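Coordinate inspection notes
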Amino acid sequence: MSKTDVNDSATLKKDLNEYEQHYFSSYDHHGIHEEMLQDSVRTLSYRNAIVQNKDLFKDKIVLDVGCGTGILSMFAAKNGAKHVIGVDMSSIIEMAREIVDLNGFSDKITLLRGKLEDVELPYPKVDIIISEWMGYFLLYESMMDTVLLARDRYLVEGGLILPDKCSIHIAGIEDAQYKDEKLNYWQDVYGFDYSPFIPLVKREPLVDTVNHSAVNTTRAKLVEFDLNTITVADLAFKSKFKLEAKNQDFINGLISWFDIEFPAPKGKKPVTFSTGAHAPYTHWKQTVFYLEDDLESEKGDVLEGELSCTPNKTNNRDLDVKIAYDFKAKGTESAQRSKKNTNSYVMH
Ligand SMILES: C[S@@+](CC[C@H](N)C(=O)[O-])C[C@H]1O[C@@H](n2cnc3c(N)ncnc32)[C@H](O)[C@@H]1O
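Residues numbered from 1 in each chain as written. Predicted model: local features only at pLDDT ≥ 70, side-chain atom pairs only at ≥ 80, totals over all residues.

The protein chain is annotated in an unreviewed UniProt entry as LALA0S01e01662g1_1 of Lachancea lanzarotensis.

**Points about the site of the ligand**
Taken together, 22 residues surround the ligand, and among them Tyr-27, Gly-66, Gly-68, Ser-90 and Glu-132 come closest. Those elements that place two or more of their residues in the shell around the ligand are α2 (30-38), α5 (71-78) and β2 (83-88). With 3 residues, α2 is the largest single contributor of residues to the shell around the ligand. (Near = placed C-beta within 6 Å. Helix = DSSP H or I, 4+ residues; strand = E, 2+ residues; numbered from the N terminus.)

**Describing the domain arrangement of the protein chain**
Domain annotation of the protein chain identifies domain 1 (13-132) and domain 2 (166-347). When each unit is reduced to the centre of its C-alpha atoms, the spacing between domain 1 and domain 2 is 31 Å. Contact with domain 1, which involves 13 residues of that partner, is made by 12 residues of domain 2. Contributions of two or more residues to the side of domain 1 that touches domain 2 are made by α1 (18-25), α2 and α3 (40-52). (Domains from an automatic or database assignment. Contact = placed C-beta atoms within 7 Å.)

**Quick word on the sheet that holds strand β3 (residues 109-113)**
Strand order in the open sheet made by the 5 strands is β3-β2-β1-β4-β5, with parallel pairing throughout. Only two strands of the sheet have a single neighbouring strand rather than two, namely β3 and β5 (155-162). Each strand axis lies, on average, 20° off the axis of its neighbour in the sheet, ignoring direction. Relative to strand β4 (residues 126-131), strand β1 (residues 61-65) runs parallel, the two sharing 4 bridges. By the bridge assignment for β4, Asp-64 is matched with Ile-130. (Pairing = 2+ DSSP bridges. Axes fitted to C-alpha atoms, helices over the stretch in contact; angles between N-to-C directions.)

**What about unusual backbone geometry?**
Cis geometry marks the peptide bond from Leu-162 to Pro-163, where omega comes out at -10°. Among the structural elements, Pro-163 can be located in the loop between β5 and β6 (165-173). You will see that Asp-59, though not glycine, has its phi angle at about 60°, which is positive. Look at Lys-285: it is not a glycine, yet its phi comes out positive at around 50°. With respect to the helices, strands and loops of the structure, Lys-285 is situated in the loop between β11 (272-274) and β12 (286-297).

**Focus: the environment of Ile-32**
Among the secondary structure elements, Ile-32 is positioned in helix α2. Taking the C-alpha atoms as reference points, Ile-32 and Gly-68, 36 residues apart in sequence, are found 9.9 Å from one another.

**As for the environment of Asn-341**
Mapped onto the fold, Asn-341 is located in strand β15 (residues 339-347). The exposure class assigned to Asn-341 is partly exposed, which follows from the 14 C-beta atoms found within 10 Å. If we ignore the near neighbours within four places in the chain, the residues touching Asn-341 are Glu-292, Asp-293 and Tyr-325. (Buried ≥ 20, exposed ≤ 12 C-beta atoms within 10 Å, placed from the backbone.)

**Section: the confidence of the model for the protein chain**
For the protein chain, mean pLDDT is 95; residues scoring 70 or higher make up 98% of the total. Counting contacts from residues 1-6, a segment whose pLDDT is below 50, to residues more than four positions away or on other chains yields 10 contacts. (pLDDT = per-residue confidence, 0-100.)

**Describing the packing of α3 against α5**
Packing of α3 against α5 brings their axes to within 10 Å, and their N-to-C directions diverge by 25°. The orientation of α3 relative to α5 falls into the category roughly parallel. Pair α3 / α5 crosses with right-handed handedness. Taking contact as the criterion, the partners of Thr-43, Tyr-46, Arg-47 and Ile-50 in α3 are, on α5, Ile-71, Leu-72, Phe-75 and Ala-76. Residues that form the contact of α3 with α5 fall into these classes: 6 nonpolar, 1 polar and 1 charged. (Parallel < 35°, antiparallel > 145°, perpendicular 65-115°, else oblique. Left-handed = near helix turned anticlockwise from the far one by under 90°. Nonpolar A, V, L, I, M, F, W, Y, C, P; charged D, E, K, R; others polar.)

**Some details on the nonpolar core**
Ranked by internal contacts, the top residues of the largest apolar core, which has 88 residues, are Val-62, Ala-76, Ile-129 and Ile-255. Ignoring sequence-local partners within four residues, the contact set of Ala-76 consists of Ile-50, Phe-57, Val-62, Asp-64, Ala-81, Val-84 and Ile-130. (Core = buried A, V, L, I, M, F, W, Y, C linked by C-beta atoms within 7 Å.)

**Some thoughts on the pairing of β2**
For β2, the tally of buried residues reaches 5 of 6 residues, placing the bulk of the element in the interior. As paired elements, β1 and β2 share 5 bridges and run parallel to each other. Residue pairing for β2: Val-65 is matched across the bridge by Val-87. Taken together, β1, α5 and β2 form a β-α-β motif whose crossover is right-handed. Here 5 bridges tie β2 to β3, and the two strands are oriented parallel to one another. Its bridge partner lying in β3, Val-87 is registered against Leu-112. For the crossover from β2 across helix α6 (residues 92-102) to β3, the handedness is right-handed. (Right-handed = clockwise from strand over helix to strand, strands pointing away.)

**Topic: α5**
Among the 8 residues in α5, 7 count as buried, and that is most of the element. Taken residue by residue, α5 has Ile-71, Leu-72, Ser-73, Met-74, Phe-75, Ala-76 and Ala-77 as its buried positions. Taken from the residues just after α5, Gly-80 is the one with a positive phi, measuring 105°.

The structure is reproduced here in structure tokens:
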């Protein structure tokens, strides 16, 4: 039996549906945790936010929702928490046990294996919740649902959630070459017509790093969430946006990204980070929605639209995204250049 193959869990994996089993298995391997730990924008933001709120952590009970290798639990314990409870369903928690012990935190950190929804905490209430729950396009993986459940079940009145604010943003990009390569590849695969793949590829948003110079419109904030007050129902959202072309170019798709903010002591600037193309690299990269049309823009042309995002009915960790757009070109050949369309995507 491998070190991570332990069955002592509040949730039996075999009782979970296939999507849930697959989801938690994806966090069993150390590789994904290495990627997250090495994302220093992500990991240091959590550390900085905990250090900044050190006075609030002193002698407090902290819950780390989805503790993985235990990094956030150890940041909290090192910065004055009285006790930290780390919960994770994936077998990586067995490595966290060893690491927590090796680093001398066994008496300060209790690690519980199982789904947060099923475990029994050693304390009825906690003062602080920390969690790194964000997925691609912020909401992919639907782990925020679990954080909100933890808040409602365990957080004391007026308790702290780290992070507690997040927002999703959107802008237009020129990306003709890559879009063309991705789609047209299927026209001729070793001499065979593979074009039935094209609609599938179009429906799937692309997670990749986008060069900031490709952004050719203004940006817009789609939605903002305050984890202190939102409910799971708020995570299915519909939002209008309005972007303005910055120059004469083609708008081939839309990129989206999210920003994160931690609570800060009164009078202090909060720790924040962005996953946008304008910001330093994070493992979340950006999410690209290629549009059905390549919009030929002149400076000042307006791309209005509405983006709706709902958890997928079959697997609620996947997202159904719909983008309706109305590109209103002005000036030369405005009628031919103006385009209206609705594109549907599934993130899975
Ligand atoms: C994005 S990782 C973060 C890991 C760690 N906190 C870190 O910052 O490196 C999310 C972790 O949450 C766990 N997780 C997700 N949903 C969970 C749930 N409902 N109950 C317990 N663990 C969960 C996953 O297994 C995964 O290890």
